[in-house]
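# Analysis of the macromolecular model
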Amino acid sequence: MSDLTALTAARRAADLAELGDDGRVDVVVIGGGITGTGIALDAASRGLSVLLVEKHDLAFGTSRWSSKLVHGGLRYLASGNVGIARRSAVERGILMTRNAPHLVSAMPQLVPLLGSMSRAQRALVRTGFLAGDALRMLAGTPSSTLPRSRRIGVPQTLAMVSTVRRDGLDGGLLAYDGQLIDDARLVVAVARTAAQHGARILTRVSAVAATGTSVRLVDELTGESLEVAARAVINATGVWAGAVDPAIRLRPSRGTHLVFDAAAFGNPTAALTIPIPGEINRFVFAMPEQLGRVYLGLTDEDAPGPIPDVPEPTPAETRFLLDTVNTALGTALSVTDVKGAYAGLRPLIETGEDRRAGAKRPGEKPRTSDLSREHAVIESASGVFSVVGGKLTEYRYMAEDALDRALTARSISAQPCRTRNLPLVGAAANPVATLRTTTHLPSSLVARYGAEAPNVIASARCDRPTDPVAEGIDVTRAEFEFAVTHEGALTVGDIVDRRTRIGLVDADRSRALDVAEDLLARA
């Protein structure tokens, strides 16, 4: 295959056939989210033979439902968790300067200084932003990548978010954090980079049984099963980790976002950041996103019970987000302005320390917002290693930690970890990157594919490759085709819901379906 990064139906079939003939690898990874693909890339780049299996599609679960932020850890610093805060800042810098500078950019965060904010609240936010600057410097991230925080006047505040409440407005406090063009695109880039280093990436393949030395797999498309022997098996299924290792107990937290047309916020150029009334270090964000949208989030609610494939926001969460953002807007938004919504489940670990710190009364559980975002690597009685907890920003560090633990325990020799300096597919330093200019291409295409953007158009075989898939949607027909020929999309849902995010708005999804079906059939 000329392009080692290309994930196709043919490559999937060939990999399955090879495993059927000689089902033996060094490492099996279960789960195709950001942590699982991160482990697969780490292991493959160390020279190990790697198999990653995912029951659904890449980024099917929590990894596509985030705020699309690469946090610098400021919130964790405020709660006294210096370790997570520093690691987050370091990992953010690695992503922005080495791994994926094409997918992560500096996002302005604007806290408007409204008349309702007390002097103490203003001082607290300003102090936090200065601490964020210190974290950035400690992590070695240059101010050319993430500018310093500062105070701005009323005209600049309104220029960034024109719909902010004007009565009593005294300017704003401006800071910067990392923003992903899309979390699912990051997962796909990591998976394709793992494939570039020799990993087998198999979607629609479920692990129905696993031990420390083997997994039994079922091809969800054909129903065929096979056994694969492994020197180490790592469970990276997030909130579904207990399905692989029943001894694991998690306390999922649901984070909900609402989707708006950007025009509802005056086409903002900064993330409107609103302190949640009664909270010290929690905010609601209205973030400008691709496809002319704004995402408003984020809730942090207990989500007990069975784990759904696709979590659903609740009316109460919608009301909470609207009520909070409306405290900062001149004209209130209502449910009729909401064009779509999504929710994701965080795989949080509840410990005794969390319970003591977060509970308000004896016997009361702490709020999920008080639970630690630390990750843990757990070896089950069967020998399977599970990595649970953590946060998207630290996926690379979590992958390195989980793999190191497994390799040491199994006495597996491998090269040192390389991922700190490994550019992903689409980064200019990755060998797949084209040397052709991107200046003639749509900026939206370059934002999603980086240096690989010219290849998306050049490799297209469909007619009218640069035409949009539907009027008013800045996704080209070539991108739909590329999702199938290079990014492992096997269904229409893979194309419109994960390789692109058109599906977040039902009306847009319905307009793009025919094109997706046509290009999927032709590819």
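Note that this is a predicted model, so its numbers are computed, not measured.

What follows covers the overall build of the protein. Counting its regular elements, the protein contains 16 helices and 20 strands. By the compact-globule yardstick of 24 Å for 523 residues, the protein fits well, its C-alpha radius of gyration being 23 Å. Its C-alpha atoms give the protein principal-axis dimensions of roughly 70 × 60 × 40 Å. Scored against the burial criterion, the 523 residues of the protein give a buried share of 57%. Within the protein, contacts between residues separated by at least 24 positions form 70% of all contacts whose residues are at least 6 apart in sequence.

Within the secondary structure, Thr 491 is located in the loop between helix H14 (477-485) and helix H15 (492-499). Exposure remark for Thr 491: the relative accessible area of 27% places this residue in the partly exposed category. When the C-alpha atoms of Thr 491 and Ile 276 are compared, they prove to be 40 Å apart, with 215 residues separating the residues in sequence. Setting aside its immediate chain neighbours within four residues, Thr 491 contacts Arg 204 and Leu 520. Polar contacts involving the side chain of Thr 491 include one to the main-chain amide nitrogen of Gly 493, which spans 3.3 Å. A distance of 3.1 Å separates the side chain of Thr 491 from the backbone nitrogen of Asp 494, its partner in a polar contact.

Turning our eyes to something else, we now look at the pattern of salt bridges. Under the defined criterion, the tally for this structure stands at 37 salt bridges. Here Arg 200 and Glu 18 are joined by a salt bridge, their closest N and O atoms 2.9 Å apart. Within this pair, whereas Arg 200 is found in strand E7 (residues 200-203), its partner Glu 18 is found in helix H1 (residues 9-21), the two being separated by 182 residues in sequence. We classify Glu 18 as partly exposed; its relative accessible area is 41%. Among the ionic pairs, Asp 508 bridges to Arg 511, the shortest N-O distance being 3.1 Å. In this pair, Asp 508 and Arg 511 both sit in helix H16 (residues 506-522), three residues apart, roughly one turn of the helix.

Relative to the helices and strands, Leu 504 resides in the loop between H15 and H16. A residue is classified by how much of its surface remains accessible, and Leu 504, at 9% relative accessible area, is buried. Residues Leu 504 and Ala 341 lie 163 residues apart in sequence; the distance between their C-alpha atoms is 6.9 Å. Setting aside residues up to four positions removed in sequence, Leu 504 forms contacts with Trp 65, Val 259, Arg 293, Tyr 295, Lys 339, Gly 340, Ala 341 and Tyr 342.

It is worth spelling out the side chain of Arg 448 at this point. Assignment of secondary structure puts Arg 448 in helix H12 (residues 443-449). In terms of polar contacts, Arg 448 uses its side chain to reach the side chain of Glu 479, at 2.8 Å. Contacts of Arg 448, omitting those with residues within four sequence positions, involve Leu 103, Ile 181, Arg 185, Gln 290, Leu 291, Asp 474, Val 475 and Glu 479.

Moving on: the packing of aromatic side chains. Counted according to the given criterion, the structure contains five aromatic pairs. Aromatic side chains Phe 283 and Phe 285 sit 6.5 Å apart centroid to centroid with 40 degrees between the ring planes, which places their arrangement in the tilted category. For the ring pair Tyr 295 and Tyr 342, a centre distance of 5.7 Å and an interplane angle of 80 degrees mean the geometry is edge-to-face. Note that Tyr 295 is positioned in strand E14 (residues 293-297) and Tyr 342 in strand E16 (residues 340-346), a separation of 47 residues in sequence. Pairwise contacts between aromatic rings join Trp 65, Tyr 295 and Tyr 342 into one cluster. We note Arg 64 situated over the ring of Phe 60; from NZ or CZ to the ring centre the distance is 4.9 Å. Over the ring of Tyr 449 we find Arg 185; its NZ or CZ atom is 4.3 Å from the centre of that ring.

A few words on the pairing of strand E11 (residues 253-261). Counting buried positions over the nine residues of E11 gives eight, a clear majority of the element. Relative to strand E15 (residues 301-302), E11 runs antiparallel, the two being bridged by two bridges. Residue Arg 254 lies in a different strand from E15, and its bridge partner there is Glu 301. As judged from the seven bridges shared by E11 and E16, these two strands associate in the antiparallel manner. Bridged to Leu 258 within E16 is Ala 341. In the sheet, E11 pairs with E14 via five bridges, with the strands oriented antiparallel. Looking at E14, one finds that Asp 261 is bridged to Arg 293.

On to unusual backbone geometry. The backbone phi angle of Arg 204 is positive, close to 55 degrees, even though this residue is not glycine. For Arg 204, the position within the fold is in the loop between E7 and strand E8 (205-210). Overall, the relative accessible area of 13% leaves Arg 204 in the buried class. Unlike most non-glycine residues, Ser 411 shows phi in positive territory, near 55 degrees. Relative to the assigned elements, Ser 411 resides in the loop between helix H11 (395-409) and H12.

With 94% of its residues at a pLDDT of 70 or more, the protein shows a mean pLDDT of 92. Confidence over residues 353-362 falls short of pLDDT 50; this stretch has 15 contacts with residues more than four positions distant or in other chains.

On the secondary structure map, Arg 499 appears in helix H15. A residue is classified by how much of its surface remains accessible, and Arg 499, at 1% relative accessible area, is buried. Within the local environment of Arg 499, its side chain forms a polar contact with the side chain of Asp 57, the two groups lying 2.8 Å apart. Not counting the four nearest positions on each side in its chain, Arg 499 is found in contact with Asp 57, Leu 58, Arg 185, Val 188, Ala 483, Glu 487, Gly 488, Ala 489 and Asp 494.

Contact geometry for helix H2 (residues 34-45) and helix H7 (residues 183-196): axes closest at 8 Å, N-to-C directions at 25 degrees. By the angle between their axes, H2 is roughly parallel relative to H7. In this structure, the crossing between H2 and H7 has a hand that is left-handed. Contact residues: Ile 34, Thr 37, Gly 38, Ala 40, Leu 41 and Ala 44 in H2; Leu 186, Val 187, Val 190, Ala 191, Thr 193 and Ala 194 in H7. Considered class by class, the residues forming the contact of H2 with H7 number nine nonpolar, three polar and no charged.

What counts and how
- Residues numbered from 1 in each chain as written.
- Predicted model: local features only at pLDDT ≥ 70, side-chain atom pairs only at ≥ 80, totals over all residues.
- Heavy atoms only, no water.
- Helix = DSSP H or I, 4+ residues; strand = E, 2+ residues; numbered from the N terminus.
- Rg over C-alpha atoms; globule rule 2.2 N^0.38 Å.
- Buried < 20%, exposed > 50% of the residue type's maximum accessible area, 1.4 Å probe, protein only.
- Contact = heavy atoms within 4.5 Å.
- Polar contact = N/O pair within 3.5 Å; in protein donor to acceptor, adjacent residues only side chain to side chain.
- Salt bridge = Lys/Arg side-chain N within 4 Å of Asp/Glu carboxyl O.
- Phe/Tyr/Trp six-rings, centres within 6.5 Å; stacked < 30°, edge-to-face > 60°.
- Lys NZ or Arg CZ within 6 Å of the ring centre and 35° of its normal.
- Pairing = 2+ DSSP bridges.
- pLDDT = per-residue confidence, 0-100.
- Axes fitted to C-alpha atoms, helices over the stretch in contact; angles between N-to-C directions.
- Parallel < 35°, antiparallel > 145°, perpendicular 65-115°, else oblique.
- Left-handed = near helix turned anticlockwise from the far one by under 90°.
- Nonpolar A, V, L, I, M, F, W, Y, C, P; charged D, E, K, R; others polar.

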